[in-house]
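# Inside the fold
Read off the chains here:
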Amino acid sequence: MHIATFDGFGLGMRKPHYPAFVEGQVDVDFVEVISENFMVDGGQPRRILRQVRERYPVALHGVSMSIGSAQPVNPDYLIRLRALVDEIDPLFVSDHLCWTGIGGFNSHDLLPLPYDDETLDVVAANVGRAQDAIGRAMLIENPSSYIAFGHSTMTEWEFLDRLCERSGCGLLLDVNNVFVSASNHGFDALAYLDGVPAHRVRQVHLAGHSQGEALLIDTHDQPVCATVWDLYAHLVGRLGPVATMIERDDAIPPLAELLDELATARRVADRSLREAA
Amino acid sequence: MSLLALQQDFRAWLHVGEAPSDPRFAEDARAGLDIYQNNYRGQIVACLDESFAVTRAWLGDEAFQDAIIAHAGRMPPHSWSLDHYPDDFPSTLAQLYPGDAEVAELATLELALGHAFVAADAVPVATGDLAGVEWDHARLHLTPSLRMCGLTTNAPAIWSAITAETMPPPVELLPNRGEILVWRHDETPRFRTTDQAEADALRHIDKGMNFGSLCAALVDAGGDDPAAVAGQWLAQWISDGLIIEIEGETRCVN
């Protein structure tokens, strides 16, 4: 499956900033929205998304597909996502390498997976079902995790590589999530960034995190930290130009602050590309 | 053990706090498990807080938190959308407050307003669209945002006062069971109270009864001036924007 490339800079659109995006006043190359917030029958959310789409390319980013559940993806979910895809013609459609629920239970959190052949079979089958249902290839994002399973037989980046090969999906690489998981589980973040299949990466997320009692927590309520900027510079040097966005999910600051952070991303990427040239 | 067994074990940890027995969870997994459980509980609390702000104001923070805990224990989230989780909260409140019907009715009203906000779009018919309609055979189509909920108290007045940040009235029981109609006009949810007769009429209309049959049923019921009653209802429904299509000898569609 072919997945188009796009190398602009964007923001995750959150409620406090909807009016500015509707008016087309925000200087970004693309916008990413949480798919589920717009998988409703109608009303203001769908009207806003249609208006934003008239002004910007829109990426649909899901949090509830649950491709890691040991059961098939919910068909009702896929029907609704397909309807949204048909209406919006998104730049990308993405979700996470995780499971969110099982057997009629939904945690509404991105829960961790063991990385072994059984999980690969499950996830590849679910990604295949989802891609068939929505009629296009997806991007799969690496999650932050707080548990590692001792019986995993491969690293997360090896798992993602094999998943891409099996399903034809692409990758959305969250550099902050790599940093959080590397810190929590004691692996080398640079080895991760060097290990993912570069030709599969179509989008990058940059975000912040918080220090918990014992572990780093992926709160997405802080600016991007210095180490993550360094990792991003390293990644761009390896990938070349890639669609990049700032993702803030909580403690949403004024738009100007996010645009400043996005300007930093542009500078870091420019410098890295010049150095790599 | 399979992936399914591992995930069932994880679910038990999140929902009832039962420590995973699966040996594949590492010995030092507890800190991570605590984060996942905290996230899970936080999502539930935030969802119900956001969906039932007026009910929370009426009950008070402590009682509302207790209700959330009771609800989460009774009914974990089951849908892919967290927006669906509030649906069953009024029934938990009805169980917790059997002698205070206004609590569940407030929550039901808030829930219906939330549903109306994202209901399917539809354009109501306008008065000018009605010329040539054969009313005896006219079939009315209601807006998909319309919800009807039973009412035994003055919960709507309490909702209005709390929303306006004024002193809510004391609870009153209605002399007769009523209904509340909730729908969306343009992008704004609206509601009004009514009696059982009008709500029943709308239910008949929704099931396909044409307007002539509704009028005949009113005559059979023997009320005062049924033609006038039907006419007033129709005018109100059109004025409210509840009618989105009228099928008759002359088709009137937006």
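Residue positions are given per chain, counted from 1 along the sequence in the order it is written. Written order determines the labels here, with chains lettered from A and ligands numbered from 1. Only residues with pLDDT of 70 or above have their local features reported here, since the model is predicted, and side-chain atom pairs are shown and tallied only from 80 upward, although totals for entire chains, interfaces and linings are computed over all residues.

## Examining helix 2 (residues 30–51) of chain B
Here is the rule: Numbering of helices and strands starts at the N terminus; helices are DSSP runs of H or I of at least 4 residues and strands are runs of E of at least 2. The span one expects for a helix is its residue count, reduced by one, times 1.5 Å. Two residues qualify as a contact pair if the distance between their C-beta atoms, derived from the backbone, is within 7 Å.
Here helix 2 of chain B is 22 residues long and its end C-alpha atoms lie 32 Å apart, about the 32 Å a rise of 1.5 Å per residue gives. Residues of helix 2 of chain B that are buried make contact with strand 6 (105–111) and strand 11 (216–217) of chain A together with helix 1 (3–16), helix 4 (61–74), helix 5 (89–96) and helix 6 (101–117) of chain B.

## Focus: the packing of helix 4 of chain B against helix 5 of chain B
Residues and elements named next belong to chain B. Heads up, the condition is: Axis angles are defined between N-to-C directions and span 0 to 180 degrees, where every axis is a line fitted to C-alpha atoms and, for a helix, only to the segment in contact. For this classification, under 35 degrees means roughly parallel, over 145 means roughly antiparallel, 65 to 115 means roughly perpendicular, and everything else is oblique. Less than a right angle of anticlockwise turn of the near helix away from the far helix marks a crossing as left-handed, whereas a clockwise turn marks it as right-handed. Only Asp, Glu, Lys and Arg are considered charged, only Ala, Val, Leu, Ile, Met, Phe, Trp, Tyr, Cys and Pro nonpolar, and every remaining residue, Gly among them, polar.
Where helix 4 contacts helix 5, the axes come no closer than 10 Å and their chain directions differ by 115 degrees. As judged from the angle between their axes, helix 4 and helix 5 are roughly perpendicular. Like other packed secondary-structure pairs, helix 4 and helix 5 cross with a definite hand, here right-handed. Judged by residue contacts, Ala67, Ala70, His71 and Arg74 of helix 4 engage Phe89, Thr92, Leu93 and Leu96 from helix 5. Counted by class, the contact of helix 4 with helix 5 contains five nonpolar, two polar and one charged residues.

## Looking at helix 6 (residues 175–185) of chain A
Residue and element names in this part refer to chain A. To keep things clear, this is the line we draw: Backbone-placed C-beta atoms define the burial measure: a residue is buried with 20 or more other C-beta atoms within 10 Å of its own, exposed with 12 or fewer, and partly exposed in between.
Burial within helix 6 is extensive, with nine of its 11 residues counted as buried. Check the buried side of helix 6 and you find it contacts strand 8 (170–174), helix 7 (189–195), strand 9 (201–206), strand 11 and helix 8 (226–239). Residue Gly186 follows helix 6 closely and has a positive phi angle near 75 degrees.

## A look at the interface of chain B and chain A
At the junction of the two partners, chain B supplies 34 residues and chain A supplies 38 residues. Broken down by secondary-structure element, the contributors of at least two residues to the side of chain B that touches chain A are helix 1 and helix 2 of chain B. Considering only residue class, the side of chain B that touches chain A consists of 19 nonpolar, 10 polar and five charged.

## Looking at the sheet that holds strand 4 (residues 188–195) of chain B
Residues and elements named next belong to chain B. Note the following rule: By definition, two strands form a pair when at least two bridges between them are found by DSSP.
What the three strands build is an open sheet, ordered 2-3-4; its pairing is antiparallel. Whereas interior strands pair on both sides, the edge strands pair on one side only; in this sheet they are strand 2 (147–153) and strand 4. Recorded for the sheet is a direction-independent mean angle of 30 degrees between the axes of neighbouring strands. Examined bridge by bridge, strand 3 (residues 173–185) and strand 4 share eight bridges and lie antiparallel to one another. Bridging from a neighbouring strand, Leu181 pairs with Arg192 of strand 4. Sheet contacts for helix 6: strand 2, strand 3 and strand 4; angle to strand 2, the most-contacted strand, approximately 160 degrees.

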